[in-house]
Amino acid sequence: MLTTIAWRNIWRARTRSGVVIGAIILGIWALVFMISFTTGMVQSYVDNAIATSIGHLQVHQDSFREEPKLIYSFTTDDETLQYLGELEGVAGAAPRTLVDAMAGSSRSTRGVQIRGIDPAAEIPVTGLDQQVVEGEYFPEKGRNPVLISQALANKLKVKIRSKVVLTFQDKNLEITAGAFRVVGLFNTGNKPFDEGNVFVRRSDINRLLGEEQMAHELAFFLNDPQRLGAVQQEVQAKLPDLLVEDYRQVAPDLQLYEGQIQTSATIFMVIIMLALLFGIINTMLMAVLERYRELGMLMAVGMNKVRVFGMIVLETLFLAVLALIPGLLLGWLTVVWLADTGIDLSAFSGGLSQFGMSQIVYPQLQAGFYVQLALAVALTALIGALYPAWRAIRLRPVEAIRKI
Amino acid sequence: MSIIKTRGVTKVYNPDKIPVHALRGVDLDIEAGEFTAIVGPSGSGKTTLLNIIGGLDRPSGGSVSVGGTSIGELSDNQLIDFRKENIGFVFQAYNLIPVLTAQENVEFVMLLQKRSAEERHQRSEELLAAVGLEDQINKRPAEMSGGQQQRVAVARALAPKPTFILADEPTANLDSASTTNLLDIMARLNQEEGVTFVFSTHDQRVIDRARRVVTLDDGQIIKDEVRK
């Protein structure tokens, strides 16, 4: 019957209960939305970085990570590459030759990094062919083709079939240059990356460098990221003299961003829960003070303090649960809907692409967060109930009964 | 045998500031089966005496024994349990639980006594029938008149099978017909089932029906009249 009393008490002041329930629903929904949006945004940055340049795993010579010089290379053979590309969970393994260079057109010059790639091997790793928005992705015919981004094309004032001269040091540290023909323009959506990188065939750049089997980097993209650790071990076993790192080690900023998701979630949650806490305390305190005489009567006829305390706590928990279920449901539905349609931020695309983020953010939230949120709301309600319940048991029946 | 015994009971409010002596050495014995009215002018100490007898307040001096238990020696929690098992309360403002039906209100104290659902249900129906509310058991207080609410309060007070019932100005908010009806019910319960009633009242209609009238003035018993 205590449960019955607690439940019915909620509906005695429908407007007041409705307002606090509505506030909790709104708070939960806002929290779910904000955190899923933040997660989606950060994840888009991480995914973009993995998909367009870093991959899930990278292999380098130890010294190259310290100082990315041309001489810190390693050699690859087709048999090893085939073995690594066929490991369980690996979608592709792409060797790259990386050279700092000046890209010059008849109108302008820019500092870039030449990324010498095997066009076929690069496709499953970065999906670069899908990023080509004009022209072709390394046609079979034609000498020294180069892919540059639309952004760089604008800077260099070149277009498809224009000639671009790439100037760099060869393995003897002599300045050398090669004339390349623009065959395609790409756009990854990551502006800093696009403006700073050009793609050529690895065979072409290696020939100019004077080392046919040279590579500075071997990048892996996994179709099963859960196997990241296992694949890392298997690659390391195959290439014991090289440094095998996952994307967090290669780009610590990605790890930082991933960590930021949890930090932001915690900050958002604390702020919202504090607001809910004061709302709950206010509502329940009013409920207790309004029912002072009734509570006095309950204690007069034999209801002990533990039960009175429990009744107030129970009422508060009912309020929270009543709000929690629709709040979580509403939040979940919003995330499910937006995870499918995305939130188009193209109005801010300039700023977003500067930071390597997508124009369309797909909010996402792990199932565990809903559980965390439910526990946080329940805990907040419990804490919010303590003071009103304490006030309730502090009353003296003899005074409360006569209170008007 | 006395079920209520007070000896030299005093009560002083604000003892450290401006002391107000509400009771000045009250000696009172009430036997089982009595139908007693405690009367007196406002401020005479009626309600204070009832609160002390009912274990809702503690005396400043003297002793109170109910059913052989010296209630002054009980802790707050023990007092709550003592009230639950031994004393039925009827308040001036009814003080029913507004979110419960008449039957649930009557069952409530029995629930605190951990009686079985079947027993609670059966006894609450019997008690509501005894106060003439068998057709109102599913109504909430707001759906009943003042007289009906006070009859529910009487049924609730009887539910735990208390040693006695304390009624503080039970008819103060009732009209004449409801007062008569309520007094008839309480008198019948007293005569037929031996329930002990102790009232504090100003109401002459209650005083006229009482079989013992204790008059207080300025915190002292000035008259104790037993009627045949």
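For the structure given in this document, a descriptive report is provided here. (Residues numbered from 1 in each chain as written. Chains lettered and ligands numbered in written order. Predicted model: local features only at pLDDT ≥ 70, side-chain atom pairs only at ≥ 80, totals over all residues.)

We now examine the packing of helix H2 (residues 14-54) of chain A against helix H14 (residues 305-341) of chain A. Pairs of packed helices are described in terms of their axes, by the angle between the two and the distance that separates them. Residues and elements named next belong to chain A. Interaxial distance between H2 and H14 falls to 8 Å at its minimum, and their mutual angle equals 35°. At the point where H2 passes H14, the crossing takes the right-handed sense. Only Leu319, Ala320, Leu322, Ala323, Leu324, Pro326, Gly327, Leu328, Leu330, Gly331, Thr334 and Val335 of H14 make contact with H2, whose side of the interface consists of Ser17, Val20, Ile21, Ile24, Ile25, Ile28, Trp29, Val32, Phe33 and Ser36. Here the residues of the contact of H2 with H14 are counted per class, giving 17 nonpolar, 5 polar and no charged. (Axes fitted to C-alpha atoms, helices over the stretch in contact; angles between N-to-C directions. Helix = DSSP H or I, 4+ residues; strand = E, 2+ residues; numbered from the N terminus. Left-handed = near helix turned anticlockwise from the far one by under 90°. Contact = placed C-beta atoms within 7 Å. Nonpolar A, V, L, I, M, F, W, Y, C, P; charged D, E, K, R; others polar.)

A few words on the interface of chain A and chain B. Counting from both sides, the interface comprises 17 residues of chain A and, opposite them, 19 residues of chain B. Only helix H1 (2-10), helix H13 (292-300) and helix H17 (397-400) of chain A provide two or more residues apiece to the side of chain A that touches chain B. If one sorts the elements of the side of chain A that touches chain B by residue count, H13 of chain A sits on top with 5 residues. Grouping the constituent residues of the side of chain A that touches chain B by class yields 10 nonpolar, 3 polar and 4 charged.

Moving on, we come to the sheet that holds strand E7 (residues 164-168) of chain B. Whenever strands of a sheet pair, they do so through backbone hydrogen bonds, lying parallel or antiparallel. Residues and elements named next belong to chain B. Read from one edge to the other, the open sheet built from 6 strands follows the order E6-E7-E8-E3-E9-E10, with strand pairing classed as mixed. Either end of the sheet is taken by a strand with one partner, and the two such strands are strand E6 (87-90) and strand E10 (220-226). Mean inter-strand twist for the sheet, computed between neighbouring axes without regard to direction, equals 20°. Bridge count for strand E3 (residues 35-39) against strand E8 (residues 197-201) is 5 bridges, and the pairing is parallel. Its bridge partner being in E8, alanine 37 is matched across the sheet by phenylalanine 199. (Pairing = 2+ DSSP bridges.)

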